[in-house]
Amino acid sequence: MPPLSVWPTGQRDPLAQLRDTGCVPGTETDTDRIPPAVAAHAIATYTRPGDLVLDPDCGTGTVLVEALRAGRHALGLTSRTRWWTLARANVTAAKTAGAWRDGSVLDARPKVLATVRAAGLIGRIGLVLTTLRTAPDRANGPDRDPVESALADLATTLLYCEPLLRSGGHVAIVARPLRHPDGTLVDLTTPLIAAGTSAGLAPVEQCIALTARLRGSRLVTRASLAERRAAARARAAGTPTALSAHHEVLVFQLAHDAELAAAAAAGIPWSTEDEVIRPPVNGVTYPGWGRAA
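No experiment lies behind these values; they were computed from the predicted model shown. The residue numbers shown here count from 1 along each chain, following its written sequence. Local features in this predicted model are restricted to residues of pLDDT 70 or higher, and side-chain atom pairs are both shown and tallied only at a pLDDT of 80 or more, whereas totals for entire chains, interfaces and linings draw on every residue. Side-chain numbers here rest on the full set of heavy atoms in the structure, without hydrogens or water.

Engineer: Can you lay out the environment of R88 for me, pointing to particular residues and giving the numbers?
Structural biologist: Mapping R88 onto the fold places it in helix α4 (residues 81–96). Note on R88: relative accessible area 39%, which makes it partly exposed. R88 sits 19 residues away from D107 along the chain, and the two C-alpha atoms are 10.0 Å apart. Each helix is a run of DSSP H or I of at least 4 residues and each strand a run of E of at least 2, with the numbering of both proceeding from the N terminus. Only protein chains enter the calculation, and the probe is 1.4 Å; a residue is then buried if its accessible area is under 20% of its type maximum, exposed if over 50%, and partly exposed in between.

Structure, rendered in structure tokens:
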């Protein structure tokens, strides 16, 4: 498992975060959206000014807004007309408020990333920041489990995203806690790591992005009324259920980048480009350099 970190991203409630960032009314209807504070923390941590941030399933565009506010280029894709309209409105509002002006929303399914690759984005993305979308209205058929379908769609999207990353770039996947009908939590970590690994990515960090407020040493949850009622019913039935207080964030890098970082941390010497071009007389080869190049 990758190292664990905690992000203090729940100090403001979700609606206040949307107001603070100038998002248009209707943004809150995207229940799978990445909270602005979580998006802002990820962008500040894993990118630098001028980087390109991609959300291949952007919903109402909270990631794009935070990228523009941080001085990054932003590109989002969505297959839902309603989300496209709201995302465009949010990007326009951010630009009007003085944010970085290079932001776009494409009305396209994530699989159209195959076309985006042909548009010259290979090796240019600094951060892919997206969420696991499990909304029940996805076009998956009536007999298909929405979580399994969402995981399969995300795995396909990651395959298209991997060639777009620049060296040193990251992929961050945000997932809100989900529960089985019996109240137990769904294990999302294992399939998400498997999806990233299958796409040629290596997990480098596992993060807990708080949605609850820190008050001294206590957490003050911001659960919805529906979540509180469900917890009350579970408690009455004899199966106490904790209110959700965080989103999980899994961070990946290109496999060769993670390999080089691990070697550097362990003090393992790696070859230089000159050594690869002119190998030592003993015939030693350096496959790691070839993968990194």
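Here the narrative resumes, following the displayed structure.
Engineer: Describe the packing of aromatic side chains, with residues and values.
Structural biologist: Two aromatic rings from Phe, Tyr or Trp, using only the six-membered ring of Trp, form a pair when their centres are within 6.5 Å; if the ring planes differ by under 30 degrees the pair is stacked, by over 60 it is edge-to-face, and anything between is tilted. According to the stated counting rule, one finds one aromatic pair in the structure shown. Centroid distance W7 to Y46: 6.4 Å. Interplanar angle 45°. Geometry classified as tilted. With a gap of 39 residues between them, W7 in strand β1 (residues 4–7) and Y46 in helix α2 (residues 36–46) connect regions that are remote in the sequence. Lying across the ring of W83, R80 places its NZ or CZ 4.4 Å from the centre. Ring-over charges, as used throughout, are those where CZ of Arg or NZ of Lys falls within 6 Å of the ring centre and within 35 degrees of the ring normal.

Engineer: Pulling in residues and values, what's your account of helix α7 (residues 189–198)?
Structural biologist: Two residues of an α-helix separated by three or four positions point the same way, owing to the 3.6 residues in each turn. Inspection of α7 places T189, L192, I193, A195 and G196 among the buried residues, and these make up the whole buried set. The arc that holds the buried residues of α7, viewed along the axis, is 160°, so those residues lie on one side. Two residues qualify as a contact provided that any one of their heavy atoms is within 4.5 Å of a heavy atom in the partner residue. For α7, the elements touching its buried residues are α6 (146–161), β6 (165–175), β7 (201–210) and β10 (246–254). With its phi angle positive at about 90°, G200 sits one or two positions after the end of α7. Summarising the geometry, the arc corresponds to the directions from the helix axis toward the C-beta atoms.

Engineer: So what's going on with the packing of α6 against α7? Which residues, and what values?
Structural biologist: Note on geometry: axes are lines fitted to C-alpha atoms, helical ones only across the stretch in contact, with angles between N-to-C directions running from 0 to 180 degrees. Where α6 meets α7, the axes come as close as 8 Å, and the angle between the chain directions of the two elements is 30°. Regarding the angle of α6 to α7, the classification is roughly parallel. Two packed elements cross with a definite hand, and for α6 against α7 that hand is right-handed. Seen from α6, the contacting residues are L151, L154, A155, L158 and L159; seen from α7, they are P191, L192, A195, G196 and S198. We call two directions roughly parallel when the angle between them is under 35 degrees, roughly antiparallel when it is over 145, roughly perpendicular when it lies between 65 and 115, and oblique otherwise. Left-handed is the label given to a crossing in which the near helix is rotated counterclockwise from the far helix by less than a right angle, and right-handed is the label when the rotation is clockwise.

Engineer: Quick rundown of the nonpolar core? Include the residues and the values.
Structural biologist: Note on terminology: a nonpolar core comprises buried Ala, Val, Leu, Ile, Met, Phe, Trp, Tyr and Cys residues joined through side-chain atoms within 4.5 Å. Within the largest apolar cluster, 31 residues are counted, with the highest numbers of intra-cluster contacts made by L54, L158, V171, L192 and L201. Among all residues touching L201, those that are not within four sequence positions of it are L158, E162, L165, V171, G196, F252, Q253, L254 and A255. By size, the runner-up hydrophobic cluster in this structure holds 30 residues, among which are L18, A39, Y46 and C207.

Engineer: A description of the pairing of strand β5 (residues 125–131) should follow, citing residues and the corresponding values.
Structural biologist: With seven of seven residues buried, β5 is to be regarded as a mostly interior element. In this scheme, strands are said to pair when DSSP sees at least two bridges between them. Pairing analysis gives three bridges linking strand β2 (residues 52–55) to β5, with the strands arranged parallel. From the neighbouring strand, L52 faces β5, where its bridge partner is I125. With six bridges connecting them, β5 and β6 associate as parallel partners. Bridge pairing in β6 places T130 opposite I173.

The quantities given are spatial measurements derived from coordinates; they are silent on function.
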